[in-house]
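So the chains spell out like this:
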Amino acid sequence: MRMSFRWFGAQDDPIPLQHIRQIPGVRDVVGALYDVPVGEAWPEDKIGALKKQVEDAGLALEVIESVNIHDDIKIGLPSRDRYIDNYRETIRRLGAVGISVICYNFMPVFDWLRTELWYELPDGSKTMQYDRSVSEAITPEGLLAQYESETSGLVLPGWEPERLADLRTLFTKYDGVDATVLRENLKYFLEAIIPVCEEVGISMAIHPDDPPHPLFGLPRVVSNRDDLRWILDAVDSPNNGLTLCTGSLGANPDNSVVDIVREFAGEGRVPFAHIRNIRWQDEGRFYESAHLSSEGSLDLYDIVKTFHDAGFDGFIRPDHGRMIWGETGRPGYGLYDRALGASYLQGLWEAVSKGR
Ligand code: DNO
Ligand code: MN
């Protein structure tokens, strides 16, 4: 297991690499380029510069999160082939500098979604919350405006204003794209890129839908065990893998995260894991708790033990954390609670691996 930490780059992340380096046990950074428009091939010089920055700080860069997928690929438009070619080129260039895992998602239009970015817990910490009844009542434009005002200009990944500028047109393009079509389009994409991954030694790692159900009338096909099974079988290659995000899958109480870990990590199809906790509230509501089992609804001991017993040797990162100790900035991605998460997860791992 290699413990990693997500970093949004020198321009966008208030957390310097030097601080990440000081978190015990963290030697790997999960990074990305944030200034390349979705669909374009990532320039070699920018990839090289990112890698150099990370290495100069005494850390390693082997995991990219995310290389996002152009909506035309998800919709299945004829223009997808050009975007897929660009994606293949990006994979080759990332492979050339030693990247081994690419995280991505296949959610139409949006990435992860929360209805409350600054939900206050009884201890005064702030966290993100999701309330299904709110997401069913609000328009996507309404939510976008709320995010813009609540993040004081910080752009959340997957919510880039330029891509969302013409949200209605984008939605219209999805007319007729139901779950079956979306799935076939994912398969078409995987069939085109996995051979390149096999050539250059990269594992693709699809991130589950977050939250794991359809939104705004758009389908979602990466929400539960059967979805994951379908994706891995669609292109049955060790390079076609998962980002097993426990908080995303665990948001649906019907998903047994432990069973999902046992099955897919056991098959060696999980190159990357996001391990975090969430707390189910009443029907359709949850918030992102601290990582500890006692703070949330998922048993992180069981989850870590199952990863361990499955022989998991991929990358782990803590995922969204709370904002604590007066910290402000990017919701979910403060330094302190994620650092506590990284330490806790490593403590569990050590206990499980030494325990009898
Ligand atoms: C949610 C987070 C997401 C994730 C992207 C992957 O659980 O981990 O921001 O990174 O959806 O593409
Ligand atoms: Mn995640």
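This one's a predicted model, so the numbers in the text were calculated from it and none came from an experiment.

Caption draft 1: Just the overall build of the protein, in detail. In terms of helices and strands, the protein carries 14 helices and 12 strands. Over its C-alpha atoms the protein spans a radius of gyration of 19 Å, differing by no more than 12% from the 21 Å that the globule rule assigns to 356 residues. Across its three principal directions, the C-alpha atoms of the protein cover 55 × 45 × 40 Å. A burial count over the protein gives 42% of its 356 residues as buried. Intrachain contacts of the protein at a sequence separation of at least 6 include 72% that bridge at least 24 residues.

Caption draft 2: Examining the confidence of the model for the protein more closely. Averaged over all residues, the pLDDT of the protein equals 95, while 99% of them reach at least 70. Across the assembled chains, the prediction reports ipTM 0.95 with pTM 0.96.

Caption draft 3: Quick look at the site of ligand 1. Around ligand 1 sit 15 residues, and of these Ser66, Asn105, Asp111, Trp112 and His207 come closest. Sorting the residues of the shell around ligand 1 by element identifies strand S4 (101–105) and helix H11 (246–250) as the ones contributing at least two each. Here the shell around ligand 1 gets three residues from one element, more than from any other, and that element is S4. In terms of residue class, the shell around ligand 1 is built from five nonpolar, six polar and four charged.

Caption draft 4: Here's a closer look at the sheet that holds strand S5 (residues 116–120). Across the sheet, which stays open at both edges, the four strands sit in the order S5-S6-S11-S10 with antiparallel pairing between neighbours. Both edges of this open sheet fall to S5 and strand S10 (279–280), since each of them pairs with a single strand only. Pairing of S10 with strand S11 (residues 285–287) involves two bridges; the strand directions are antiparallel. Bridge assignment links arginine 279 to a residue of S11, and that residue is tyrosine 287.

Caption draft 5: Spotlight on the nonpolar core. Grouped together as the largest cluster of nonpolar side chains are 85 residues, with contacts concentrated most on Val29, Ile102, Ile193 and Leu244. Per-element accounting of this core gives the leading share, seven residues, to helix H9 (residues 179–200). In this structure, leucine 244 is in contact with Ile260, Val261, Phe264, Ala265, Val270 and Ala273, ignoring residues within four places of it in sequence.

Caption draft 6: Region of the structure containing the packing of helix H4 (residues 80–96) against H9. Contact geometry of H4 with H9 gives a least axis separation of 10 Å together with a crossing angle of 20°. When the axis of H4 is compared with that of H9, the two are roughly parallel. Of the two possible hands of crossing, H4 and H9 adopt the one that is right-handed. The residues of H9 that touch H4, namely those facing Ile84, Tyr87, Arg88, Ile91, Arg92 and Gly95, are Phe189, Ala192, Ile193, Val196, Cys197 and Val200. A per-class count over the contact of H4 with H9 returns nine nonpolar, one polar and two charged.

Caption draft 7: How the structure looks around the pairing of strand S1 (residues 2–6). Counted residue by residue, S1 has four buried out of five residues, so it is predominantly covered. Of the strand pairs in this sheet, S1 and strand S12 (residues 315–318) are connected by two bridges, and their pairing is parallel. Paired with arginine 2 across the strands is phenylalanine 315, a residue of S12. Across three bridges, the pairing between S1 and strand S2 (residues 28–31) is parallel. The residue bridging serine 4 from the neighbouring strand is aspartate 28, located in S2.

Caption draft 8: Representation of the packing of helix H12 (residues 257–266) against helix H13 (residues 300–309). Remark: H12 packs on H13, axes separated minimally by 9 Å, with the N-to-C direction vectors making an angle of 10°. What the angle tells us is that H12 and H13 run roughly parallel. Two secondary-structure elements touch here, H12 through Val257, Val258, Val261, Arg262 and Ala265 and H13 through Asp302, Ile303, Thr306 and Phe307. Split by residue class, the contact of H12 with H13 holds six nonpolar, one polar and two charged.

Caption draft 9: Inspection of the sheet that holds strand S7 (residues 203–207) at higher detail. Spatially, S1-S2-S3-S4-S7-S8-S9-S12 is the arrangement adopted by the eight strands of the closed barrel, whose pairing is parallel. Within this sheet the neighbouring strands show an average axis-to-axis angle of 30°, counted without direction. Pairing analysis gives five bridges linking S4 to S7, with the strands arranged parallel. Its bridge partner lying in S7, tyrosine 104 is registered against isoleucine 206.

Rules used in this analysis
Residue positions are counted from 1 within each chain, in the order its sequence is given. For naming, the first written chain is A and the first written ligand is 1, with later ones following in the order written. Per-residue local features of the predicted model are confined to residues with pLDDT of at least 70, and side-chain atom pairs are confined, for both listing and counting, to 80 or more; whole-chain, interface and lining totals are unaffected and use all residues. Note on conventions: DSSP H or I runs of at least 4 residues are helices, E runs of at least 2 residues are strands, and numbering of each starts at the N terminus. What the globule rule says is 2.2 Å times the number of residues to the power 0.38, and the radius of gyration is computed from C-alpha atoms. For the exposure call, what matters is how many other C-beta atoms sit within 10 Å of a residue's own: 20 or more marks it buried, 12 or fewer exposed, and in between partly exposed, using C-beta atoms placed from the backbone. Whether two residues are in contact is decided by their C-beta atoms, placed from the backbone, lying within 7 Å. Values of pLDDT, which run from 0 to 100, indicate the predictor's confidence residue by residue. Residues are classed as near a molecule or strand if the C-beta position derived from their backbone is within 6 Å of it. Note on residue classes: Ala, Val, Leu, Ile, Met, Phe, Trp, Tyr, Cys and Pro are nonpolar, Asp, Glu, Lys and Arg are charged, and everything else, Gly too, is polar. In this scheme, strands are said to pair when DSSP sees at least two bridges between them. For the purposes of this analysis, a nonpolar core is taken to be any set of buried Ala, Val, Leu, Ile, Met, Phe, Trp, Tyr and Cys residues that are connected through C-beta atoms within 7 Å. Structural elements are reduced to axes, namely lines fitted to C-alpha atoms, with helices fitted over the stretch in contact, and the angle between N-to-C directions of any two is expressed from 0 to 180 degrees. Under this scheme an angle from 65 to 115 degrees is roughly perpendicular, one under 35 degrees roughly parallel, and one over 145 degrees roughly antiparallel; angles in between are oblique. By convention, the crossing between two helices is left-handed when the near helix turns anticlockwise from the far helix through less than a right angle, and right-handed when the turn is clockwise.

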